[in-house]
Structure formats: C-alpha cells, structure tokens
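The primary structure of each chain is shown beneath.
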Amino acid sequence: MGNIATVSLSVPEQSLGCYCCLVQQDRLQDQAGAAGGISTDFVICFLGGSEKGLEHFRLELDTYVQGLQSSLSPQLSDLETHIRPYLSSWYEECVMHIQRVVQLTQDKVSFLLHAALSHSPVEVIGEDKVKKDIDRFLNAASFQGLIHEDTTAATLCNALSEEPQKDVTIDCSQQQPQFLNAGSNRFCESWVQAFLNGSDGGNPFLLRQILENFKLKAIQDLNSLKRLIQQAEMNHYALFRCYVFLKHCGNGDVLLQNVKVEHAEMPEAHRIVQVLEEFMSEEGSTSLQ
C-alpha cells in the first residue's frame, strides 16, 4: 500500500526512514460527492528510524493508514479532534507494541511465541490497549507472510482450529500477567534472552529484527522437515533422520502440527507424519518415566 524510502536531512550524515502513502480519490469519492463534488487526494508520511527498520513494520503502517481513511474528508473537519492526534501516535501504535509486550510478559514471552507458531487461539483479559498490543505481537510472530506455498498461514490456522484446542488465556488485569493453558518448548525458550536483551536496549527496530530472525529460523526448520518427509517416502533411513531432527530441534510439536495439516491430502506423506507423531509421543512418555 505505502512506500518506504530514506530521506536525507539538512544535518550532515543524518537520514531517516520515511513511510509515504497516497490515499487516492476513488477511495474517498463517496465523501467527496456528498461535499458537493470536491475531490481531494491525501499523502500521509511518517518519519522515523531507518528505511530497513520501517520495512519490518510495513503491514502495521498500512493497517494504521487504513484506519484513518474514514476520517479524511475534503474539509478535514476532524483535523484537531481526531486526525492530528491519530497521526502523532503512529510510532507508539505501529512500532512500540513489541517492546511493550516483551516488557509486560518478560520470560513468559515464550508462551506467546509458541501460541503464534502453533496458531493457538488467545484470549486476553485486560485493557483494550494491552489486547491490541498482544494481538499485533501474535500476528507479527506467526508464519503469516513466510509460507508461500498453496497452503497459506490462514488455511493452516483454519484447519488447526477444527481440532480440539483450549484457548490460551492471558489475564493482564493484575500487575503480573497470568497465563492459563499456555504451552512452550525448547525452541521458543531459547529465544527469550534475546528478546529480553533487546527490550533492555530500548531499540524497537532491533526487537523486530530479533522477531524476524526467530520466524526465519522456524520456517527454515519447517522446510527442512518437509524435505526429509519427502525423502522418507522412498527411504526408511530418511524417516529416522526426521525423528532425530524433530527430537533435537526443540520445536517438534509445532513443526509436526503444521506439516500434519499441509500433508493431510497426501496419503504417503500423511502416513509418515503419523509415524513421527507416534515416535515423538513414545519419546515424551519415556522421558516422563
């Protein structure tokens, strides 16, 4: 929707990232017609961080601009009461939410990371602002936008929602958030310290980069498992390699959950996934004894 570029400032060797979006006439033609035929385009610009940093928040920025469109009339009658305050809050709303969530949850951020990757439904008890922050964090931490095959993240989420799942409940009405029915694993827990260090540094763009690295590693592991499953259809040793990979990656439950849905209509691959589920279940039972 919008474009992102680098803008050089008058101060030597100083530049900022610039998000720029044109809200076109055809999107406002209904309001324009009601105003006596006056038609106006609007250009919305946000300056802050770097071009690379803002690029990570493109989806949030696009969504934020869309939230303003209904208020953009040719007369700008809501300029002081709504439009100006809305525009001035873009950085807090679009960029700072990840840092606020990490500071709120601390080492329990692993529960949110796991919920995002496993498409678990999440219910938040607390103020609307906290609910919005956590919802944005979950969207940013999910596989959305990283899975480019026929099965999209939305399809995975819909398919997984048909299976019996308990909602993850986060009670933020108290000083320390309380989690109910939340899960985690070694993979998500191994990233907690990186998020805490990034939060302490106070750089929201660094935190977003950490989150992108987290997702990239998860999708790399998912693709590796898919390749091993494909090989296992013709090679029993590859099936053993699948098991070893799942056992040591620390994210086996999430990866199996995703490939199970993706391979549901592929009989041979689905059978391999079922065998792997049995292996992992037996491994879990043995470790508890």
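See the structure above.
Residues numbered from 1 in each chain as written. Predicted model: local features only at pLDDT ≥ 70, side-chain atom pairs only at ≥ 80, totals over all residues. Heavy atoms only, no water.

A. Geometry of the overall build of the protein. The secondary structure content of the protein amounts to 15 helices and 6 strands. Taken across its 289 residues, the protein has 42% of its residues classed as buried. Taking the intrachain contacts of the protein between residues at least 6 apart in sequence as the baseline, contacts between residues at least 24 apart amount to 69%. For the protein, the exposed surface amounts to about 15500 Å²; the carbon and sulfur share of it is 50%. (Helix = DSSP H or I, 4+ residues; strand = E, 2+ residues; numbered from the N terminus. Buried < 20%, exposed > 50% of the residue type's maximum accessible area, 1.4 Å probe, protein only. Contact = heavy atoms within 4.5 Å. Areas by Shrake-Rupley, 256 points an atom, 1.4 Å probe, with all protein chains shown as cover.)

B. View of the pattern of salt bridges. Within the structure shown, the criterion is met by 12 salt bridges. E92 is paired through a salt bridge with R100; the nearest N and O atoms lie 3.1 Å apart. Of the charged contacts in the structure, one is a salt bridge between E93 and R136, with a shortest N-O distance of 3.1 Å. Here the residue E93 occupies a position in helix α5 (residues 90-94), and R136 occupies one in helix α8 (residues 128-141), the gap between them amounting to 43 residues. (Salt bridge = Lys/Arg side-chain N within 4 Å of Asp/Glu carboxyl O.)

C. Inspection of the sheet that holds strand β2 (residues 15-23) at higher detail. Judged by pairing direction, the sheet is antiparallel, and its 3 strands sit side by side in the order β1-β2-β3 without closing on themselves. Since the sheet does not close on itself, it has two edges, and those belong to β1 (3-8) and β3 (42-47), each with one partner. Going across the sheet, the axis of each strand differs from the next one's by a mean of 30°, ignoring polarity. Inspection of the sheet shows β1 paired to β2 by 6 bridges, in the antiparallel sense. (Pairing = 2+ DSSP bridges. Axes fitted to C-alpha atoms, helices over the stretch in contact; angles between N-to-C directions.)

D. Highlighting the nonpolar core. L113, F137, I229 and L276 are the most contacted members of the largest nonpolar core, which totals 72 residues. No other element matches helix α12 (residues 204-232), which puts 12 residues into this core. In this view, I229 contacts C242, V259, A269, I272, V273 and L276; residues no more than four positions away in its chain are not counted. (Core = buried A, V, L, I, M, F, W, Y, C linked by side-chain atoms within 4.5 Å.)

E. Structural context of the environment of F57. Here F57 is to be found in the loop between α2 (51-55) and α3 (58-66). On the basis of relative accessible area, F57 is assigned to the buried category, the value being 0%. Through-space distance from the C-alpha of F57 to that of A140 is 9.0 Å; in sequence the pair is 83 residues apart. Each residue touching F57, except ones within four places of it in the same chain, is listed here: C94, V95, H97, I98, P204, F205 and R208.

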